[in-house]
Amino acid sequence: MRNTRLYDRHIIRLSPTETGEDVRQFLQGLVTQDTAAEMPLWAGLLSPQGKALFDFFLWADGDDVLIDCERVQAEALVRRLSIYRLRRKITIAMDPSCAVFWNADGSSDPRHPDMGERWLGASADDDVDVSAEYRAHRLALGITEGVAELGSEQTLWLEVNAVELNGVSFNKGCYVGQENTARMNWRQKVNRRLVVVPLEQADLSRQRCAYPELGLSAELRRVEDMTMLKLPEWQRAAIT
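Residues numbered from 1 in each chain as written. Predicted model: local features only at pLDDT ≥ 70, side-chain atom pairs only at ≥ 80, totals over all residues. Heavy atoms only, no water.

Things to note about the sheet that holds strand β3 (residues 41–46)
Taken in spatial order, the 5 strands make up an open sheet running β3-β4-β5-β2-β6, and their pairing is antiparallel. The open sheet is flanked by β3 and β6 (90–94), the only strands paired with a single partner. The sheet shows a mean angle of 30 degrees between the axes of neighbouring strands, direction not considered. Helix-sheet contacts for helix α2 (residues 74–85) involve β2 (9–16), β3, β4 (52–61), β5 (64–70) and β6, and the interaxial angle to β6 is about 170 degrees. (Pairing = 2+ DSSP bridges. Helix = DSSP H or I, 4+ residues; strand = E, 2+ residues; numbered from the N terminus. Axes fitted to C-alpha atoms, helices over the stretch in contact; angles between N-to-C directions. Contact = heavy atoms within 4.5 Å.)

Things to note about empty space enclosed by the protein
All told, the structure shown has 1 cavity of 30 Å³ or more when counted by the stated rule. Lining the largest cavity are 13 residues, and of these Leu-53, Phe-54, Asp-55, Glu-70 and Gln-73 lie nearest its centre. Looking at the lining of the largest cavity, the elements that each hand over two or more residues are β4, β5 and α4 (146–150). Tallying contributions element by element places β4 first for the lining of the largest cavity, with 5 residues. Taken together, the residues of the lining of the largest cavity sort by class into 8 nonpolar, 3 polar and 2 charged. (1 Å grid on protein atoms, 1.4 Å probe; cavity = no way out; pocket = protein on both sides within 12 Å on 5 of 7 lines; lining within 4 Å. Points joined across faces, edges and corners; volume = space filled by probe spheres on them. Nonpolar A, V, L, I, M, F, W, Y, C, P; charged D, E, K, R; others polar.)

What about the nonpolar core?
Trp-157 and Val-160 are the most contacted members of the largest nonpolar core, which has 30 residues in total. Of all the secondary structure elements, the ones that give two or more residues to this core are β3, β4 and β7 (98–103). Look past the residues within four positions of Val-160 in its chain and what remains in contact with it is Trp-42, Leu-150, Thr-155, Leu-165 and Leu-194. (Core = buried A, V, L, I, M, F, W, Y, C linked by side-chain atoms within 4.5 Å. Buried < 20%, exposed > 50% of the residue type's maximum accessible area, 1.4 Å probe, protein only.)

Focus on the environment of Gly-50
Inspection of the secondary structure assignment puts Gly-50 in the loop between β3 and β4. Residues Gly-50 and Ser-152, spaced 102 residues apart in sequence, show a C-alpha to C-alpha distance of 11 Å. Not counting residues up to four positions away in its chain, the partners in contact with Gly-50 are Thr-155, Leu-156, Trp-157, Gly-177 and Thr-181.

Comments concerning the packing of aromatic side chains
This model, assessed by the stated rule, comprises 3 aromatic pairs. Taken together, a centroid distance of 5.0 Å and an interplanar angle of 35 degrees make the contact between Trp-42 and Trp-157 tilted. Highlighted residues: Trp-42 in strand β3 and Trp-157 in the loop between α4 and α5 (178–187), separated in sequence by 115 residues. Taking relative accessible area as the criterion, Trp-42 reaches 0% and is therefore assigned buried. (Phe/Tyr/Trp six-rings, centres within 6.5 Å; stacked < 30°, edge-to-face > 60°.)

So, in structure tokens, the structure goes:
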């Protein structure tokens, strides 16, 4: 049976080049998740103001950490991480030998138990591209991801429903954008959220991305404008 692969994803490998160098500790000061926790984790790399630059999954591979990210953002993410590396003895490079696979059955995605099975493996010429099926499944659950929906420096991390989708730790130390993120959580004040709505309910002034083939629109809406929308239970609970 051929593997069902997400061709629009790419793998970045972070590897220590000297004994004693710790890739997880390097990432701990950068990303929204506690990298000491069990992986996979969904996490973000934010601007100093707490706005999403990149979202991705972190996977453990021995002393290495693998980043499962959008293919269109992979090179930009490598460049951004390399800026922070400074004198750390760590290589940061794309790994074309590894690919991301997905199946609607299972529950390994850390964001939501209905998001299906996600795994990494070696790519093959006869892999089946299920990127479109994955996108439809994800949006049906109201889950947004990627630069087209989250934007770049346009959306605060808690506005992308990071708490509800297990994308942030409030028990770790500082990271880029942590101050505003922690303040919003402490005040319990998230005024806007990314939502997925039917096109007939779309508000073009708030739309980030439209999917006519699915009849859906991803939008950043104020919470008070969401009450009449048909939302998934996980998101409805967050605004009530």
